[in-house]
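# Topology and contacts: notes
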Amino acid sequence: MSEPPALPPPDPSQTPTGPAIGQDEWVARHGERRSRRAGLIGDAEDRLRRAPWWAWLVLFVAAFALLPVVSGDGYIRRVAFDTTIYMLLALGLNVVVGWGGLLDLGYVAFYGIGAYTYALLNSHQLGVHLPTLVTIPIVVVAGAVAGFLVGLPSRRLIGDYLAIVTLFFLQIFLTVATNGDQIAGRNITGGANGILNVDPLHLLGHSLVVEHQGVFAVGYLYISIALFAVVYTALHFVNHSRTGRAWRSLREDPLAAEAMGMPVNLLKLMAFSFGAAIAALTGTVFASLNASVFPLSFSFPLVITVYTMVILGGQGNLAGVTVGAVVISVLLELLRDAGDARILFYLVGLLVLAYAFGRSRKLVAMLAALIVFGFAAHAAADLIHHNWVNGPAANGLDSVLSHWVIIPTSLNTWIGPVSYITLICLVLALTLVHGWTRDILLVPTVYLGTFVWENVLLAQPDATRYIVLGVMLIGLMIVRPNGLLGERRMEII
Amino acid sequence: MDTFTQLTLDGLTQGSTYALIALGYTLVYGVLKLLNFAHGDVFMVGSFFGFGVLKVLGGAGNPMVPVWLLLTLMVLGAMVGCAVLGVAIERFAYRPLRNAPRIAPLISALGVSFFLANSMQLMFGAQPFDYGIFGLDGGSLYLDGFDIGNVHIPLIRIITILSAFVLMILLWILVKRTRTGKAMRATSFDREAAAMMGIDIDRVIVFTFVVGSALAGAAGVMFALRVPTAASIGFVIGLKGFTAAVIGGIGSIPGAMAGGLILGFAEAYTAGYWTTRWSDLVIFSVLIGFMLFRPTGLLGTAGIKKV
């Protein structure tokens with residue numbers, strides 16, 4: 001009988017060089033295999049990649065904090081504030097959808113619950129005026145409890161059923177908020193008119209003013225960006241904790257997670273509560289800034305907006321969803337104004353063309369064809385009737401562009417729908433054909449696209465904004481379901 | 001008693017609309033296991049197709065087209081239009097995601113729903129569209145009828161309810177008695193095994209979308225004959241149609257019919273006897289309870305999940 005040779009005791013001074021326990025070596029050494037650009041750009045890229053997460057956060061927050069110093073424009077400050085609200089909402093949704101993998105379509109109801117709780121505790125509605133430092137914990141706990149209660153069904157429901165139940169919850173919330181002015185004869189939520197004259201945030205006896213001499217004051221921007229920094233940091237640590245890892249394993253495969261002994265139900269409930277608490281916290285800032293709450297602020301379009309942010313940025317990636325929130329928020333703001341939206345459209349169009357064709361001769365040919373096609377179509381339309389190209393918006397464009405795009409003086413009622421539907425059909429057809437057919441088809445499609453954009457879409461910014469969001473959702477799911485910064489999942493087959 | 005008759009009539013009409021929508025959900029859910037959020041908006045687009053046909057044909061005042069033909073053409077136009085729309089949605093928004101994680105087509109469906117509703121609003125505005133402006137409601141179909149007690153039941157109501165049931169029976173025959181129906185049932189039971197038996201899955205799925213969307217289109221016209229339609233109605237009605245499907249047991253065709261009628265009656269009686277203000281709240285709460293305690297519905301069977 002031979003004894004196995006006794007292993008030498010591990011040397012405590014020697015640090016382990018292999019991958020951490022539970023990590024595949026192939027995955028761990030992924031960075032080494034990555035091809036790297038040479039020269040200064042490569043060095044800079046590597047250095048940027050190695051920068052710690054908090055450096056990015058500090059940089060980002062500092063940029064927001066410096067914004068009011070650079071620009072005294074109240075509008076820009078207001079947009080920055082709205083963006084921080086979106087960023088907070090996206091962070092919260094990321095916990096539920098990105099980490100927990102739970103499709104919660106009632107998410108904004110928690111935002112609404114937070115806003116209404118703040119408003120009820122700080123207005124004449126119930127005659128209660130609590131200090132902010134007392135209100136905020138109450139609101140956060142209320143949100144977490146609501147999230148817990150809505151999450152309870154998630155123990156039994158999966159996927160679609162959960163989506164529907166949470167959607168019902170949102171509808172119930174909206175019904176209660178809209179009809180809450182007659183609960184047992186008492187006016188609680190103010191009904192469709194909402195709650196007005198909500199107190200601003202007040203700390204240590206000072207109220208935080210919204211407007212200072214008619215300009216959006218910086219106080220709320222600082223508060224919300226500080227909240228963002230706190231929430232982001234907390235979530236970063238949660239993500240790297242046991243709970244964070246457990247959530248991600250739950251998202252990837254609930255069954256396997258359960259088989260590994262993870263408390264799946266508890267994890268789901270925690271994801272719901274975390275997300276809901278963050279949303280409720282965001283609601284307090286929203287309600288105190290606007291000094292009012294209305295049911296309509298918490299309806300379904302907002303759900304879609306926040307979902308687009310999370311998916312565009314990359315579900316599960318904190319930095320990603322933040323970037324997604326900033327991009328979508330700025331985009332929606334730009335689409336409000338016809339002039340900005342126009343510039344944005346041509347810029348994005350050129351970029352997409354350049355990206356699609358790369359640095360090839362094709363791009364030049366395509367642009368040339370577009371220009372020629374445009375001028376030809378314009379000239380033809382001009383020949384038929386001068387009013388077809390004499391639209392009012394043409395003066396706002398650069399003179400060259402106004403000779404290229406057809407903008408009629410007035411649009412027949414049927415031209416708008418017909419051109420819009422034709423455009424959709426052409427775009428769909430483009431995804432089916434390949435090769436030179438596609439290149440030829442692309443020219444009239446792009447031209448029709450500019451026509452529709454100028455004449456139909458710009459006329460109705462509200463519908464256009466949501467159409468853009470809807471298209472983004474579909475396109476992202478098909479082309480890039482991981483978003484801009486999302487981690488690529490390993491498919492094990 | 002008169003109130004009861006009126007409410008029953010309302011519940012029956014509304015319920016048959018819900019049932020037609022629920023059938024579309026159930027069919028698609030059966031073969032794709034996908035909650036087609038866009039279905040409610042297909043229904044809404046269907047009501048607009050009906051409006052378009054009515055407008056093109058000049059309304060009830062046109063002596064060339066008798067009213068019965070007008071109604072038939074409206075329903076047919078909406079059915080064909082919606083079928084095309086449904087196929088396009090399947091082809092471009094769902095098919096690329098067929099092997100993706102289950103959450104992906106769901107989000108894509110949300111995008112389609114949002115896109116359709118806002119596109120209609122972009123093209124035709126947010127205002128309600130009333131079929132009544134074409135003089136339909138002045139015709140004999142609306143004025144004639146018979147009375148139960150003091151309640152007048154116009155012919156159009158009876159025609160609507162009857163045609164909804166005829167459509168359902170046709171669907172029932174289609175699924176139970178034809179080859180295509182057999183293929184649909186097989187796909188719904190086990191897609192992979194069906195593919196191995198030589199069933200063209202893509203064809204079955206496209207066919208399912210054709211049938212489901214056509215039913216939604218018909219429902220859209222029937223709905224808009226009573227209530228003015230608008231670009232934003234699809235969302236809530238689609239939601240109710242889906243719950244009707246869940247009540248009946250998703251995947252089950254008689255279940256969807258029963259669920260639609262139950263939902264219609266529940267809504268009408270709640271609104272009539274109890275509260276209009278809170279009727280949505282009552283219905284949604286009941287439905288949440290349903291999903292929690294009997295997710296397989298009334299006529300559904302619990303599937304065994306194999307790992």
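Source: prediction; values computed, not measured.

Cut-offs applied
- Once a new chain begins, its residue numbering starts again from 1 and follows that chain's sequence as written.
- Just so you know, chain letters begin at A and ligand numbers begin at 1, following the order they were written in.
- With the structure being a predicted model, the display of local features is reserved for residues of pLDDT at least 70 and the display and counting of side-chain atom pairs for 80 or more, all residues being used for whole-chain, interface and lining totals.
- For the side-chain quantities, the full set of heavy atoms in the structure was used; hydrogens and water were omitted.
- In this text, helices come from DSSP runs of H or I with a minimum length of four residues, and strands from runs of E with a minimum of two, each type numbered from the N-terminal end.
- Exposed residues in this analysis have more than 50% of their type's maximum accessible area, buried residues have under 20%, and partly exposed residues fall in between, with area computed by a 1.4 Å probe over protein chains only.
- For this analysis, residues touch if any pair of their heavy atoms sits within 4.5 Å.
- With residues, only the protein chains shown are counted as cover, and all accessible areas are computed by Shrake-Rupley using a 1.4 Å probe.
- The globule rule used for comparison is 2.2 Å times the number of residues to the exponent 0.38, while the radius of gyration itself is calculated over C-alpha atoms.
- Grid points spaced at 1 Å and placed over the protein atoms alone form the basis of the search, with a cavity being a set where a 1.4 Å probe fits but cannot get out and a pocket an open set showing protein on both sides within 12 Å along at least five of seven lines. Lining residues have an atom within 4 Å of a point.
- Grid points are joined across faces, edges and corners, and a volume is the space filled by probe spheres set on the points.
- Residues were grouped as follows: Ala, Val, Leu, Ile, Met, Phe, Trp, Tyr, Cys and Pro as nonpolar; Asp, Glu, Lys and Arg as charged; and all remaining residues, including Gly, as polar.
- Buried area adds together the accessible area that both of two parts lose upon being put together, with accessible area traced by a 1.4 Å probe.
- When a carboxyl oxygen of Asp or Glu lies within 4 Å of a side-chain nitrogen of Lys or Arg, that pair is called a salt bridge.
- Two N or O atoms count as a polar contact when they lie within 3.5 Å, although within protein this holds only if one can serve as hydrogen donor and the other as acceptor, and sequence-adjacent residues are included solely when both atoms are side-chain atoms.
- Any pair of Phe, Tyr and Trp rings, taking the six-membered ring for Trp, is counted once the centres come within 6.5 Å. Such a pair is stacked with planes under 30 degrees apart, edge-to-face with planes over 60 apart, and tilted for the rest.
- Both a distance and an angle decide whether a charge sits over a ring: NZ of Lys or CZ of Arg must be within 6 Å of the ring centre and within 35 degrees of the ring normal.
- Every residue is assigned a pLDDT by the predictor, reflecting its confidence on a scale from 0 to 100.
- What counts as an axis is a line fitted to C-alpha atoms, over the stretch in contact for a helix, and the angles between N-to-C directions run from 0 to 180 degrees.
- Here roughly perpendicular refers to angles of 65 to 115 degrees, roughly parallel to angles under 35, roughly antiparallel to angles over 145, and oblique to all remaining angles.
- Take the far helix as the reference: if the near one is turned anticlockwise from it by less than a right angle, the crossing is left-handed, and if turned clockwise, right-handed.
- Strands are treated as partners if at least two bridges between them are detected by DSSP.
- Excluding any residue in a salt bridge, patches collect residues exceeding 30% relative accessible area, merging like charges within 9 Å and nonpolar Val, Leu, Ile, Met, Phe, Trp and Tyr side chains within 5 Å.
- The charge count treats Lys and Arg as positive and Asp and Glu as negative. His and the chain ends do not count.
- Charged side chains are reduced to one point each, which is NZ for Lys, CZ for Arg, CG for Asp and CD for Glu.
- Expected span of a helix, by definition, is 1.5 Å for each gap between consecutive residues, and there is one gap fewer than residues.

### Topic: the overall build of chain A
On a plain count of helices and strands, chain A comes out with 20 helices and six strands. Expressed as a percentage of its 493 residues, the buried residues of chain A come to 46%. Pairs at least 24 residues apart make up 72% of the contacts formed inside chain A by residues separated by at least 6 positions. A total of about 25400 Å² of accessible surface is found on chain A, and carbon and sulfur atoms cover 67% of it.

### Description of the overall build of chain B
Broken down by element type, chain B carries 12 helices and two strands. Put simply, chain B runs from its N terminus to its C terminus through helices and strands in the order α-α-α-α-α-β-β-α-α-α-α-α-α-α. Over its C-alpha atoms chain B spans a radius of gyration of 19 Å, differing by no more than 12% from the 19 Å that the globule rule assigns to 307 residues. Dimensions of chain B, computed from C-alpha atoms along their principal axes, come out at roughly 60 × 45 × 40 Å. For chain B, with 307 residues in total, the buried portion stands at 56%. Put simply, of all contacts in chain B between residues at least 6 apart along the chain, 76% involve residues at least 24 apart.

### Here's the deal with empty space enclosed by the protein
Evaluated as defined, the whole model comprises one cavity of 30 Å³ or more. In this structure, the largest cavity encloses a volume near 70 Å³. Around the largest cavity, the lining residues are I164 of chain A together with Y25, L35, F37, S113, G234, F235, G238, L239 and F242 of chain B. Residue contributions to the lining of the largest cavity peak at five residues, all from helix α10 (residues 234-248) of chain B. Of the residues in the lining of the largest cavity, the class split is seven nonpolar, three polar and no charged.

### Remarks on the interface of chain B and chain A
Taken together, the 48 residues of chain B in the interface contact 50 residues of chain A. Roughly 4600 Å² is buried in total at the junction of chain B and chain A, and carbon and sulfur atoms are behind 80% of that figure. At the boundary of chain B with chain A, the tally comes to zero salt bridges. Joining chain B to chain A, the criterion identifies two residue pairs in polar contact (both at pLDDT 80 or more). Elements with a minimum of two residues in the side of chain B that touches chain A: α3 (67-94), α4 (103-124), α10 and α12 (279-293) of chain B. If you tally residues by element for the side of chain B that touches chain A, the top one is α4 of chain B, at 16 residues.

### A closer look at the packing of aromatic side chains
Within the structure shown, the criterion is met by 33 aromatic pairs over all chains. Grouped by ring-pair contacts, the aromatic residues W53, F60, F64, F228, Y232 and F237 of chain A constitute a single cluster. R91 of chain B extends its terminal NZ or CZ atom over the ring of F92 of chain B, reaching a point 5.6 Å from the ring centre.

### Overview of the confidence of the model for chain B
For chain B, the mean per-residue pLDDT works out to 87, and 97% of the residues sit at or above 70. Interface predicted TM-score (ipTM) for the complex: 0.89; the corresponding pTM is 0.88.

### Remarks on the packing of helix α11 (residues 253-274) of chain B against α12 of chain B
All names here are of chain B. Packing of α11 against α12 brings their axes to within 9 Å, and their N-to-C directions diverge by 140°. By the angle class used here, α11 and α12 are oblique. Between α11 and α12 lies a crossing whose hand is right-handed. Every residue of α12 that contacts α11 at L263, E267, T270 and W274 is listed here: S279, V282, I283 and L287. Grouping the amino acids of the contact of α11 with α12 by side-chain chemistry returns five nonpolar, two polar and one charged.

### Digging into the side chain of T270 of chain B
Residues and elements named next belong to chain B. The topology assignment puts T270 in helix α11. Taking the relative accessible area as the measure of exposure, T270 reaches 10% and is therefore buried. Look past the residues within four positions of T270 in its chain and what remains in contact with it is T275, S279 and V282.

### Thoughts on the pairing of strand β1 (residues 145-148) of chain B
Residue and element names in this part refer to chain B. Relative to strand β2 (residues 151-154), β1 is paired through four bridges, and the arrangement is antiparallel. Paired with D147 across the two strands is H152, which belongs to β2. What sits between β1 and β2 in their antiparallel hairpin is a turn of two residues, with G149 showing a positive phi close to 60°.

### Here we look at the confidence of the model for chain A
For chain A, the average pLDDT comes to 83, and 87% of its residues sit at 70 or higher. Ranking the elements of chain A by mean pLDDT puts helix α2 (residues 30-33) of chain A last with 59 and helix α6 (residues 107-121) of chain A first with 94.

### Section: a positive patch on the surface
All names here are of chain B. Positive charge collects at one region of the surface, where K176, R177, R179, K182 and R185 lie side by side. At the level of secondary structure, the elements contributing two or more residues to the positive patch comprise α6 (155-177) and α7 (179-189). Element by element, the count of residues in the positive patch is highest for α7, at three residues. Within the element layout of this structure, K182 appears in helix α7. On the basis of relative accessible area, K182 is assigned to the exposed category, the value being 58%.

### Section: the pattern of salt bridges
Residue and element names in this part refer to chain A. Overall, the coordinates contain 11 salt bridges over all chains when judged by the stated rule. The salt bridge partner of E454 is R342, with a shortest N-O separation of 2.9 Å. Here the residue E454 occupies a position in helix α19 (residues 435-457), and R342 occupies one in helix α15 (residues 338-357), the gap between them amounting to 112 residues. Owing to a relative accessible area of 6%, E454 belongs among the buried residues under this scheme. With its nearest N and O atoms 3.7 Å apart, the salt bridge here joins R465 to D462. Of this pair, R465 and D462 are both found in helix α20 (residues 461-479), three residues apart, which corresponds to roughly one turn of the helix.

### Considerations on α4 of chain B
Since there are 3.6 residues in each turn of an α-helix, residues three or four apart along the chain are aligned in direction. Its 22 residues place the ends of α4 of chain B 32 Å apart at the C-alpha level, agreeing with the 32 Å of an ideal helix rising 1.5 Å per residue. Here α4 of chain B lies mainly inside the structure; 19 of its 22 residues are buried.

### Remarks on the side chain of K240 of chain B
Residue and element names in this part refer to chain B. With respect to the helices and strands, K240 occurs in helix α10. Residue classification places K240 among the buried positions, given a relative accessible area of 7%. A polar atom in the side chain of K240 sits 2.7 Å from the side chain of E267. For K240, the residues in contact, after removing those within four places along its chain, are Y18, L263, E267, D280 and F284.

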